[in-house]
Amino acid sequence: MPGRECAADVVRVLQNDDETQQLYKTAVLSRVGVLGWSDAAALAADPLRAGTRAPFLAAGLATESVNPHDAGARWCSAALLQELTPLLGWEANP
C-alpha cells in the first residue's frame, strides 16, 4: 500500500512485535542472500553469524533498503545493516 501512513504503521509493528520482526528479517535475508529459510532465520536471530558473507549480504540489503514498494523490507534492511556493521569495518557512529 502506498503512502507514508502505511509505512509508519509498518515501522510501528516491526519496532514493537519481535515475532513479526524476526519473520520479516528472515524473509528479507532469504531473498537478498539467496538463503534457505532455516539459514536465513539463524542469521536474522544473530546477524554476526554472517562472517565472510557479510559484504555480500550488505550489498543486497543496501539495495533493498531503498525498495519503493516495501516499507517493511526497507526497515528490516536498515536494521540488519546496522547489526552487520561490526563485520564490515564500518563505524556505526563516526
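Position numbers for residues count from 1 along each chain, tracking the sequence in the order it is written. Only residues with pLDDT of at least 70 are given local features in this predicted model, and only at 80 or more are side-chain atom pairs given and counted; all residues enter the totals for whole chains, interfaces and linings. Hydrogens and water molecules were not included; the side-chain quantities draw on all heavy atoms of the structure.

K.L.:
Give a description of the overall build of the chain that names residues and reports values.
P.N.:
Of the regular secondary structure elements, the chain holds five helices and zero strands. Scored against the burial criterion, the 94 residues of the chain give a buried share of 37%. Taking the contacts inside the chain whose residues are at least 6 apart along the sequence as the reference set, 52% of them involve residues at least 24 apart. Where accessible areas are quoted, they stem from the Shrake-Rupley method and a 1.4 Å probe; at the residue level, only the protein chains shown are allowed to cover. When the accessible surface of the chain is totalled, it reaches about 5,800 Å², and 56% of it is carbon and sulfur. Only runs of H or I of at least four residues qualify as helices and only runs of E of at least two qualify as strands under DSSP, and these elements are numbered from the N terminus. For every residue, the accessible area (1.4 Å probe, protein chains only) is compared with the maximum for its type, and the residue is labelled buried under 20%, exposed over 50%, or partly exposed between those bounds. What makes two residues a contact is simply this: any of their non-hydrogen atoms within 4.5 Å.

K.L.:
Account for the pattern of salt bridges, with residues named and values stated.
P.N.:
Counted as salt bridges are all cases of a side-chain nitrogen of Lys or Arg within 4 Å of a carboxyl oxygen of Asp or Glu. Following the criterion strictly, the structure yields two salt bridges and no others. For the salt bridge of Lys 25 with Glu 83, the shortest nitrogen-to-oxygen distance reads 2.6 Å. Residue Lys 25 is located in helix H2 (residues 18–33), and its partner Glu 83 is located in helix H5 (residues 71–88); the two are separated by 58 residues in the primary sequence. Note on Lys 25: relative accessible area 4%, which makes it buried. Accessibility expressed as a relative area gives 30% for Glu 83, which makes it partly exposed. Note that Arg 31 and Glu 64 form a salt bridge whose closest N and O atoms lie 2.6 Å from each other. With Arg 31 in helix H2 and Glu 64 in helix H4 (residues 54–64), this residue pair connects regions lying 33 residues apart in the sequence.

K.L.:
Before we move on, can you summarise unusual backbone geometry with the specific residues and values?
P.N.:
Leave glycine aside and you will find that most residues have negative phi; peptide bonds, for their part, are mostly trans. A positive phi is found at Val 34, a non-glycine position, where the angle reads about 50 degrees. Topologically, Val 34 is positioned in the loop between H2 and helix H3 (37–45). Given a relative accessible area of 69%, Val 34 falls into the exposed group.

K.L.:
So, the nonpolar core: which residues are in play, and what are the values?
P.N.:
As a rule of thumb, soluble globular proteins bury nonpolar side chains together. Grouped together as the largest cluster of nonpolar side chains are 19 residues, with contacts concentrated most on Val 28, Leu 29, Leu 43, Ala 50, Leu 57, Leu 61 and Leu 84. The set of elements that each furnish at least two residues to this core consists of H2, H3, H4 and H5. Considering each element in turn, this core owes the most residues, six residues, to H5. In this view, Leu 43 contacts Leu 29, Leu 35, Arg 49, Ala 50 and Leu 57; residues no more than four positions away in its chain are not counted. Nonpolar cores were defined as sets of buried Ala, Val, Leu, Ile, Met, Phe, Trp, Tyr and Cys residues, with membership established by side-chain atoms within 4.5 Å.

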